[in-house]
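Residue strings, one per chain:
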Amino acid sequence: MATVELKSLSKVYEGNVQAVKNANITVQDKEFVVLVGPSGCGKTTTLRMVAGLEDITSGELRIDGKLVNDVPPKDRDIAMVFQNYALYPHMTVYDNMAFGLKIRKFPKEEIKQRVDEAARILDIEELLDRKPKALSGGQRQRVAVGRAIVRHPKVFLFDEPLSNLDAKLRVQMRTEISALHNRLQATMIYVTHDQVEAMTMGDKIVVMKDGVIQQIGDPLTLYNVPVNRFVAGFIGSPPMNFLNVKITEEGGKIYADEGNFKFLVEKKSDLLKPMVGKNATFGVRPEDLHYSEKATDLTLKCTVEIIEPLGAETHLYLNTGSHQIVARVPPTLDFKTGDTVHLTSDQSRAMWFDADTEEAILTEQEKQRVAQ
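Because the structure is a prediction, the values reported are computed rather than measured.

Asks: I'd like a description of unusual backbone geometry, backed by residues and values.
Replies: With omega at -5°, the peptide bond leading from serine 237 into proline 238 counts as cis. Of note, proline 238 is situated in the loop between α8 (229-234) and β11 (241-250). Here the phi dihedral of tyrosine 85 falls at roughly 75°; this positive angle occurs in a residue that is not glycine. In this fold, tyrosine 85 is placed in the loop between β6 (78-81) and α2 (93-103). We classify tyrosine 85 as buried; its relative accessible area is 8%. Even without being a glycine, lysine 268 presents a positive backbone phi close to 65°. Relative to the helices and strands, lysine 268 is located in the loop between β13 (262-264) and α9 (269-272). Lysine 268 sits in the buried class, given a relative accessible area of 13%.

Asks: I'd like a description of the packing of α2 against helix α4 (residues 137-149), backed by residues and values.
Replies: Each pair of packed helices can be summarised by the angle the axes make with each other and by the distance between the axes. It is at 8 Å that the axes of α2 and α4 come closest, and there the two elements cross at 30°. In terms of axis orientation, α2 runs roughly parallel to α4. In terms of crossing hand, the pair formed by α2 and α4 is right-handed. Counted together, Val93, Asn96 and Met97 of α2 and Val143, Gly146 and Arg147 of α4 form the full contact between these two elements. Tallied by class, the residues present in the contact of α2 with α4 amount to three nonpolar, two polar and one charged.

Asks: Can you tell me about the sheet that holds strand β3 (residues 32-36), naming the residues and giving the values?
Replies: Spatial strand order, β6-β7-β8-β3-β9-β10: six strands in an open sheet with mixed pairing. Single-partner strands in this sheet number two, and they are β6 and β10 (212-217). Neighbour-to-neighbour, the strand axes of this sheet turn through a mean angle of 15°, independent of strand direction. One ladder, built from five bridges, connects strand β9 (residues 204-209) with β10; its direction is antiparallel. When the bridges of β10 are listed, methionine 208 appears paired with isoleucine 213. Sheet strands touched by α4: β6 and β7 (155-159). Its angle to β6, the strand with the most contacts, is close to 175°.

Procedures and definitions
Residues numbered from 1 in each chain as written. Predicted model: local features only at pLDDT ≥ 70, side-chain atom pairs only at ≥ 80, totals over all residues. Heavy atoms only, no water. Helix = DSSP H or I, 4+ residues; strand = E, 2+ residues; numbered from the N terminus. Buried < 20%, exposed > 50% of the residue type's maximum accessible area, 1.4 Å probe, protein only. Axes fitted to C-alpha atoms, helices over the stretch in contact; angles between N-to-C directions. Parallel < 35°, antiparallel > 145°, perpendicular 65-115°, else oblique. Left-handed = near helix turned anticlockwise from the far one by under 90°. Contact = heavy atoms within 4.5 Å. Nonpolar A, V, L, I, M, F, W, Y, C, P; charged D, E, K, R; others polar. Pairing = 2+ DSSP bridges.

In structure tokens, the structure reads:
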């Protein structure tokens, strides 16, 4: 397998449309890296530059230390799995998987060995004589992955390979691709807009927005220590709640004034002391909001608008008067639409953001974790 290094990689289209801006990513040997972000963020363009399907405007791309900016796709020793599978409809599964090896003049015996091995790994041995139209979406996806496996490439590239599958099959294929990575010990770069896929599959996640990398890190670091409001809101489902507040000081204590209520800042108050009199954004995840039987100087006052019972938990959609927020609460709690409830927040897990720059206000320990 191989390392992949992107150094200040940029892509500019006609009309000075900058799709990717100075991307710096290092994918280590055998690592599973996920590029994630909303539509149009530049993740697929980045992947296509690695594949050689898009020209690089500026910067360097190295595979195994070798500069490959001008190396044709066929000579980069990579294999790509596309969103639409890209199978030949007139060929059998066997021929689809073998085609790339045939045009490279591999011996028939070796082709058969590689195809049979890939079919066994993917559990599609009984499908080798079928044509794509006789396959389900999940089976077609396995064939597309198998066609990549038989190549024995240095790097596997996946471009939103599960987006055409139904929810249940997507979960199954997610597990299978992760297991395949562990079995092959391969270098893989995977593109998705689904943050659940990113969190569950990636050793390392690259979050992108408007062509710019926002943060790179392991899943739990991105979840617990996002560097800005965008990453905080993008990673996590339901997403993080944000309250725009004014920082005040009373009797030597720091408070956050939401407009309809204010609450005492117990954690990270030393970071907020220089911001007294200024605006900030308080971020708290739905699972870190807890029901309180009475109002205190730590609670948020909300009105229940929508109740979503999900069995193991209940999602409450609430209105503070100025903000819409979501809380995940135990199903044993009984609420009705219109109820006034008081919630405490787990401030040890909450985040604070600069209201103007949207950058996270981090402790030294959090800064060290992000830098690792």
